[in-house]
Structures are given as C-alpha cells and as structure tokens.
Amino acid sequence: MQQEFHALATQRRTIYALGKTLPVSDDAVVALIKEAIRQAPSAFNSQSSRALILLGAEHTKFWELTREQLRKIVPAEHFAPTSQKIDGFAAAAGSVLFFEDQNVVKGLQEKFAAYADNFPVWSEHSTGIAQYAVWLALAEKGIGANLQHYNPLVDEDVQRTWNIPASWKLRAQMNFGSIEAPAGDKAFMDDADRFVVAK
C-alpha cells in the first residue's frame, strides 16, 4: 500500500499541456471528484470544502470570464502571453473550482470561541487537502491537472454566473484533461535543508 501511494504521489504532476479527451466518462470524473473531496479530512470534521465542477462549454465559459477580467488589468501590449496562457487552460476538458464555506468557519468560531483564530487557518488546510486528494484521484485515472489561483479577480463573475452562495470563498481552480505532453523533470531541494529528525 505504501509503495502504491508513493508511486501515485510521484505520478501526480503539474501538467500544462491538457486536452479534452478523458479516459473515463464525464459522470465518472464528477463522481471521482466528489468522492475525493468527501473523504478529505477537515478540522472538527467541519466539511467546509465546496466545489464547482465545470465541463465542456461551462469550463470554457469560466476561462473566457477570466480572460476578460485579466484584460482589464494587464496592459494591452503585454496581454498576448496572458491570453495564450488562458488558451492553454481552456484547452482542458474541465475544471474544479474549490471553495471554503465561510458560514461553516464562522459557526465553528462561535461554537468554539477558544479556537476562533485558528478556524480560518484550518479551513485553508482543508481546501489544500481536498485539492491534493482530487489531484491524486485524477492522476490515478491517468488524467492530468494543474492548479491556478485567479481568485479574487473572478469571484464575482463566478458567483453570479453559477449562482454560488455568497458564503463560498473561492480558493483555487484546477484544470484537468488528457495529458498531451508530460511534465518536465522535477528538482528537489536537499533533505538537510528541509527536514529535522529527532529520535
């Protein structure tokens, strides 16, 4: 089991060259994403993570909304590379938008006042775990993915377009699709600079 996990963790990479051909059905991908988030741990079992799963034209719509928001802030003479990057994201089969429900966070702050300052931090942990769980689940099926952060730039568009509750705070966007080109080599820093072992 341990070897299987490490192999999967190694297989999971940031893939930018994504296509629209998935090895499983849309319904299977949706079920996979839901189950990965459902099983992801959260502080106090708060289950604060939320997701908007976009496929096909809805996925493309999200990246067009993002492009238009970027057009407002990126100087025209520098916009072409930005637009090309968005083209790459739109070329994927779908995307998962990860949110944290602030009503859950506030409810826990009120219920457990002694830990109030910690709940926003623990909420960020929850979304990170959920994102990694989804990424691993996709990788296991041979589906590539990359993680982006265009929040809060696109928050209002997303909320309005997909009728997202106001309490859902957008944290990240994960594109997924067929792997059209592999990731490059990955370098690791020296263990001595990263780990302390005491025994």
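Residues numbered from 1 in each chain as written. Predicted model: local features only at pLDDT ≥ 70, side-chain atom pairs only at ≥ 80, totals over all residues. Heavy atoms only, no water.

Overview of the overall build of the protein
Consideration 1: Along the backbone of the protein there are seven helices and five strands.
Consideration 2: Its helices and strands in sequence order give the protein the pattern α-β-α-β-α-α-β-α-α-β-α-β, from N to C terminus.
Consideration 3: Computed over C-alpha atoms, the radius of gyration of the protein comes to 18 Å, within 12% of the 16 Å expected from 2.2 N^0.38 for 199 residues, which places it in the range of a compact globule.
Consideration 4: Principal-axis analysis of the C-alpha atoms gives the protein an extent of 50 × 40 × 35 Å.
Consideration 5: Across the 199 residues that make up the protein, the buried fraction comes to 39%. (Helix = DSSP H or I, 4+ residues; strand = E, 2+ residues; numbered from the N terminus. Rg over C-alpha atoms; globule rule 2.2 N^0.38 Å. Buried < 20%, exposed > 50% of the residue type's maximum accessible area, 1.4 Å probe, protein only.)

Quick word on the packing of aromatic side chains
Consideration 1: Evaluated as defined, the whole model comprises 13 aromatic pairs.
Consideration 2: Arranged with centres 6.3 Å apart and planes meeting at 40°, the rings of Phe-112 and Phe-119 form a pair that is tilted.
Consideration 3: Under the relative-accessibility criterion, Phe-112 is labelled partly exposed at 27%.
Consideration 4: Owing to a relative accessible area of 3%, Phe-119 belongs among the buried residues under this scheme.
Consideration 5: With a centroid separation of 5.2 Å and 90° between ring planes, the pair formed by Phe-119 and Trp-122 is classed as edge-to-face. With Phe-119 and Trp-122 both in helix H6 (residues 119-140), this residue pair falls three residues apart, about one helical turn. (Phe/Tyr/Trp six-rings, centres within 6.5 Å; stacked < 30°, edge-to-face > 60°.)

Section: the nonpolar core
Consideration 1: Within the largest apolar cluster, 19 residues are counted, with the highest numbers of intra-cluster contacts made by Val-29, Ile-33, Val-134, Leu-138, Met-174 and Phe-176.
Consideration 2: Elements with a minimum of two residues in this core: helix H2 (26-39), strand E3 (94-101), H6 and strand E5 (168-179).
Consideration 3: For Leu-138, the contacting residues outside a window of four places in its chain are Val-29, Leu-32, Ile-143, Ala-145, Met-174 and Phe-176.
Consideration 4: Listed in part, the 18 residues of the second largest apolar core include Phe-79, Ile-86, Val-154 and Ile-164. (Core = buried A, V, L, I, M, F, W, Y, C linked by side-chain atoms within 4.5 Å. Contact = heavy atoms within 4.5 Å.)

Topic: the environment of Asp-27
Consideration 1: One can find Asp-27 in helix H2.
Consideration 2: On the basis of relative accessible area, Asp-27 is assigned to the exposed category, the value being 65%.
Consideration 3: C-alpha of Asp-27 to C-alpha of His-149: the two residues are 122 residues apart in sequence and 25 Å apart in space.

As for unusual backbone geometry
Consideration 1: Asn-151 connects to Pro-152 through a cis peptide bond whose omega is 5°.
Consideration 2: On the secondary structure map, Pro-152 appears in the loop between strand E4 (144-148) and helix H7 (155-161).
Consideration 3: A positive phi angle, near 50°, is found at Asn-45, a position not held by glycine.
Consideration 4: We classify Asn-45 as exposed; its relative accessible area is 54%.

Overview of the layout of surface pockets
Consideration 1: By volume, the largest pocket amounts to about 360 Å³.
Consideration 2: Contributions of two or more residues to the lining of the largest pocket are made by helix H1 (2-11), H2 and H6.
Consideration 3: When residues in the lining of the largest pocket are grouped by element, the largest group, six residues, is from H6.
Consideration 4: Of the residues that constitute the lining of the largest pocket, the class distribution is twelve nonpolar, one polar and three charged. (1 Å grid on protein atoms, 1.4 Å probe; cavity = no way out; pocket = protein on both sides within 12 Å on 5 of 7 lines; lining within 4 Å. Points joined across faces, edges and corners; volume = space filled by probe spheres on them. Nonpolar A, V, L, I, M, F, W, Y, C, P; charged D, E, K, R; others polar.)

Notes on empty space enclosed by the protein
Consideration 1: Using the criterion set out here, one finds one cavity of 30 Å³ or more in the structure.
Consideration 2: With four residues, H6 is the largest single contributor of residues to the lining of the largest cavity.

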